[in-house]
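A structural walkthrough
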Amino acid sequence: MTRAEMRKAGQKKGKGSGKQGAAAGSAAAAASGKKRFIDYPRFGKTGVRRWLPSWKQLLSGFLLVFACFVGVVFYLYQTTQIPDMNKLVQGQNTIYYWADNTEMARKGQTNRQIVPLQDISPNLQNAVIAAENQDFRNDHGIDPKGMLRAVYNMAKGGETQGASTITQQYVKNAYLSQEQTLSRKVKEFFITLKVDQKQSKDEVLTGYLNTSWFGRGANGAQAAAQAYYGVNAKDLNACQSAMLAGLLKGAAYYDPTNPANKERAQGRWSWILDNMVKTKALTPEERAKCTTFPDPIPLKPSSNLNGEISYLVDTANKYVMNTDKNITQQVLDKGGLKIYTTFEKDKVDALKKAVDDVKAENLDPQKRPDNDTNIQFGSASIRPGDGAIVALYGGDGVENGHFDNNADATGVQVGSTFKPFVLATAMQVGVQTAKGDDGKPKRINADSRYLADDMSEIRKPDGSLVIGDDGKTYHQKNEDSSKHGYVSLRQAMQYSYNVPFVQLNQDVGGQNVADIAVQMGIRKDSLADPKTATFPLGTSTISPIRMATAYGTLAASGKEAEPYSVTKVEWDGVARTGFAKKEAKVALEPAVADNVTDVLVNVAAKGTGTKTLALGRPVAGKTGTTDENKSAWWVGYTPQLVTSVAMWREDPAQHQRQSLNGTGGKASIHGGDIPTDVFTRYMKVALANEKKLDFPNPQPIGSEVDSSGAPSTATAVSTPTTADTPSATAQTQQPTQPAQPQPPQPTPTCVPGVDCPGDQPSPTKTKPPRPTNTCLPVIGCPTTPAPTDTTTPGGGGKPTGGGKPTSTATGGPPGVGG
């Protein structure tokens, strides 16, 4: 009963007999005077009001929570101890393991030397303050907005932003791990408060400059000054100091040693110098002296990362940082990690030996300094269907001044190794020039015939001609100038004719080809413009790792497995999540992948890749030679292993590709030559203990869809059946063309102007009659040097002017062929 109800009851009973009424009244009075410590639900209220707290209750609750919060903060503040920095900055090793769990390398002996503030140039002190925390001298060490922003980002699962004050960054560097968690942020907050109260600003700045990571394995200002400029920290000038201060935002993005970072680094350097003027650390006159960017000295290699180890470590580090965002380059340099890789030592050694042996047998920089220097190789070997990278060849080694990882190189065109993507698209998506019963583009097979004549016109799906940048009809070149007539796509791939695949690319649509290539494992950002006519000829710049991945999709009957190099990571003894093997995804129908493989088996057995016959087991693959012979490729595979080999020549100073013409004393280098030789030597060793497996028998796919103008009866040349080497592979003349005698063609043993004796006459070339093709074009046919006609070797090529094709009616563009 409520108090009102009890009062009414007492009044009614009071009118009755005296004793009972008095007793009831006394009970009601006692009940009405009874109080609760917390009057909730509220006494005497009905409905919603009964459950709404009063203002007194709200105020009391707030004061209670606030008092508890203050108590907790006070307790945590009093119990938080500032750790001993000298103990915490001791670096540990990061250890890398081979696939069999034996140790591969150790990295992370921290390059650090703690120096007092007076031994650090005031220029660097002021540059760091101008770049990182202009109010450093006056703030209280905490940026509340930055803390709330970091907590909010962690709550929503996004990447956290770095602490905004120098004091906070110093605490994170010296006393805490780099892991972005709420508990670490709380610790950072209280340690920062104590550091700000107990240490002077100079002490904080000293600690910060001695614990910050500057890249190149350098922790602290003294190590950074030595690593980048070879001087002590106290001798840094304003220009050098501004560059080093810029690295604190992220050395991986602002180290100008990497050409990709140069422009970004210069912009930040200039911005810091301007801020130094604003903070009155520099006068405008002193700022004006910094007009030339202070390039750092060359990177000094680590003595325990020689040979291929540095490239294996580089590949593993990239994979780890991409998989676990809490592990940065700074964390890796600081140490304390165990990284278990997929690399197999015996295969890595075998791949390096194959490259070294081929180089020793073919290259002679002393004899041919203008042709055999700056030759680069890049290679990757991957298990198809799994994605594990078992071996890499990244270069000559950091000890020889080669720091770029060639296995992950960008900027090297892939040439005709791109043609299988066009064929796969035609089989999977179909050609727009013919429709199936369902009204969709008709899917075709490798027996479909396309015109392969040199200098052929190329038509769009609607029948209109492709026009070049010069406004004239575009003509596509082959590697040779012969008229081959209509050939099957199988034969076009075998001899790497350009014309059929440029036309097929138009029929299926360049964007569809790009989409299929991405599904197979190619990175979208490495592809050239798919709208260009020469897109199918390999003008894209794809790394050896990604080319091996895409061909591995074919080897695995259409299942694309993302490449990976790390199976497990432990950080301070705790295993990190996210490093389990990814499931393979279906990129192509199995029948499509197996039919493309069947075509590529023919390339290896009878076409431009016959050097692989020495393996004595089924091999599929494709050669590639690019614009102006600037690179040569072979990408091949067995059911167990896929390996890509790229070869190019590069000016180390300008990072510009140079022609391979004349390399090794040969007029030109093709994918079926040195790259295929490297592949074959390596695979012999890598597969020595593996069973000889056949590829799956391809199931029928699509139908024969000939391009416009193909005759009703086959006129394609017959396929040669015996060939031990590319030079021995023969192409039969079309029956409709009379055979003509072929002039004598001795195999060249030197290159005129490079290493030929001075008394050898320089032959001249007039436009010859059509050859009878008793040798395989380009690969097997000797090339007469210094031709005087206007026909350049090759077909296709890199488009000029705005990414559009140029008419080849007056000779054609440089070639991208076989």
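Everything here concerns the structure above.
Residues numbered from 1 in each chain as written. Predicted model: local features only at pLDDT ≥ 70, side-chain atom pairs only at ≥ 80, totals over all residues. Heavy atoms only, no water.

1. Focus on the overall build of the protein chain
We apply this condition: Counting from the N terminus, the helices are DSSP H or I runs at least four residues long and the strands are E runs at least two residues long. Only protein chains enter the accessibility calculation, which uses a 1.4 Å probe; a residue is then buried when its area is under 20% of its type maximum, exposed when over 50%, and partly exposed in between. Two residues form a contact once any of their heavy atoms are found within 4.5 Å. The method behind every accessible area is Shrake-Rupley, applied with a 1.4 Å probe, and residues are considered shielded solely by the protein chains displayed.
Counting secondary structure elements, the protein chain contains 24 helices and 19 strands. Per-residue burial over the protein chain gives 51% buried out of 818 residues. Long-range pairs, those at least 24 residues apart, make up 72% of the contacts in the protein chain with a sequence separation of at least 6. Carbon together with sulfur atoms contributes 53% to the accessible area of the protein chain, which is approximately 37700 Å² in total.

2. With respect to the state of the cysteines
The criterion, for reference: Any cysteine sulfur atom paired with another within 2.5 Å is treated as part of a disulfide.
Here the structure, examined in full by the defined rule, presents 1 disulfide. Bridging Cys 239 to Cys 290, the disulfide has an S-S length of 2.0 Å. One disulfide, between Cys 239 and Cys 290, carries an S-S torsion of -95 degrees and so falls in the left-handed class. Remark: Cys 290 occurs in the loop between α14 (284–288) and α15 (309–323) and Cys 239 occurs in helix α11 (residues 238–246); sequence separation between them is 51 residues. Judged on exposure class, the residue Cys 239 and its partner Cys 290 are both buried.

3. A word on the nonpolar core
To keep it simple, the criterion reads: Buried Ala, Val, Leu, Ile, Met, Phe, Trp, Tyr and Cys residues form a nonpolar core when they are joined through side-chain atoms within 4.5 Å.
Residues Phe 418, Phe 421, Leu 504 and Tyr 682 are the most contacted members of the largest nonpolar core, which totals 116 residues. The element that contributes the greatest number of residues to this core is helix α23 (residues 590–606), accounting for 8 residues. When near neighbours in sequence (up to four residues on either side) are disregarded, Phe 418 contacts Val 513, Ala 517, Leu 527, Phe 535, Pro 536, Gly 538, Ser 540 and Ile 542. If you look at the next biggest cluster of nonpolar residues, it comprises 50 residues, including Ala 131, Ala 238, Ala 242 and Leu 282.

4. Overview of the sheet that holds strand β2 (residues 103–107)
Put simply, the rule reads: When DSSP locates at least two bridges between a pair of strands, those strands are taken to pair. To obtain each axis, a line is fitted to C-alpha atoms, and for helices this fit is confined to the stretch in contact; angles are then taken between N-to-C directions over 0 to 180 degrees.
Across the sheet, 5 strands lie side by side as β2-β1-β3-β13-β14; this open sheet has mixed pairing. Each edge of the sheet is formed by a strand with only one pairing partner; in this case those strands are β2 and β14 (574–575). Both strand β3 (residues 337–341) and strand β13 (residues 566–571) contribute to a ladder of 5 bridges, which runs antiparallel. By the bridge assignment for β13, Leu 337 is matched with Trp 571. The strands touched by α15 within the sheet are β1 (94–97), β2, β3 and β13, with β2 carrying the most contacts at an inclination of about 75 degrees.

5. Focus: the packing of α11 against helix α13 (residues 262–278)
For any two helices packed against each other, the geometry is given by the interaxial angle and the distance between the axes. Convention followed: Should the near helix be turned anticlockwise from the far one by less than a right angle, the crossing is left-handed, and should it be turned clockwise, the crossing is right-handed. Note on residue classes: Ala, Val, Leu, Ile, Met, Phe, Trp, Tyr, Cys and Pro are nonpolar, Asp, Glu, Lys and Arg are charged, and everything else, Gly too, is polar.
Two elements in contact, α11 and α13, have axes separated by 8 Å at closest approach and are oriented at 115 degrees. For the pair α11 and α13, the sense of crossing is right-handed. Along the contact surface, α11 presents Ala 238, Cys 239, Ala 242, Met 243, Ala 245 and Gly 246, while α13 presents Arg 268, Trp 269, Ile 272 and Leu 273. Each residue belonging to the contact of α11 with α13 can be placed in one class, and the counts come to 8 nonpolar, 1 polar and 1 charged.

6. Some words on the pairing of strand β4 (residues 375–382)
Consecutive side chains along a regular strand alternate between the two faces of the sheet. Counting buried residues along β4, 8 of its 8 residues qualify, which places the element largely inside the surrounding structure. In β4, alternate side chains face the same way, and those of Ile 375, Phe 377, Ser 379 and Ser 381 on one face and Gln 376, Gly 378, Ala 380 and Ile 382 on the other are all buried. Two elements, β4 and strand β18 (residues 642–651), share 8 bridges in a ladder whose sense is antiparallel. Pairing of Gln 376 across the sheet is with Trp 648, part of β18.

7. Details of the packing of aromatic side chains
Inclusion rule: Here the aromatic set is Phe, Tyr and Trp, taking the six-membered ring for Trp, and pairing holds for ring centres within 6.5 Å; pairs whose planes are under 30 degrees apart are stacked, those over 60 apart are edge-to-face, and all others are tilted. Two conditions define a charge sitting above a ring: the NZ of Lys or the CZ of Arg must be within 6 Å of the ring centre, and it must be within 35 degrees of the ring normal.
Summed over the entire model, instances satisfying the criterion amount to 11 aromatic pairs. With a centroid separation of 6.2 Å and 20 degrees between ring planes, the pair formed by Phe 62 and Phe 66 is classed as stacked. You can see Phe 62 and its partner Phe 66 sitting in helix α3 (residues 55–79), 4 residues apart, about one turn around the helix. Judged by its relative accessible area of 57%, Phe 62 is exposed. Using a relative accessible area of 47% as the deciding quantity, one classes Phe 66 as partly exposed. For the ring pair Phe 421 and Tyr 551, a centre distance of 6.2 Å and an interplane angle of 80 degrees mean the geometry is edge-to-face. With Phe 421 in helix α18 (residues 419–428) and Tyr 551 in helix α22 (residues 544–555), this pair connects stretches of sequence that are 130 residues apart. Owing to a relative accessible area of 0%, Phe 421 belongs among the buried residues under this scheme. Judged by its relative accessible area of 0%, Tyr 551 is buried. Here the aromatic residues Phe 418, Phe 421, Phe 535, Tyr 551, Tyr 637 and Phe 695 are joined through ring pairs into a cluster of three or more. The ring of Phe 136 carries Lys 201 above its face, with NZ or CZ at 4.8 Å from the centroid.

8. Quick notes on unusual backbone geometry
A positive phi angle, close to 55 degrees, is found at Ser 496, a residue other than glycine. Note on placement: Ser 496 falls in the loop between α19 (489–494) and α20 (498–508). By relative accessible area, Ser 496 is classed as buried at 1%. Of note, the phi angle at Asn 629 is positive, near 55 degrees, even though the residue is not glycine. Following the sequence through the fold, Asn 629 ends up in the loop between β16 (620–625) and β17 (631–637).

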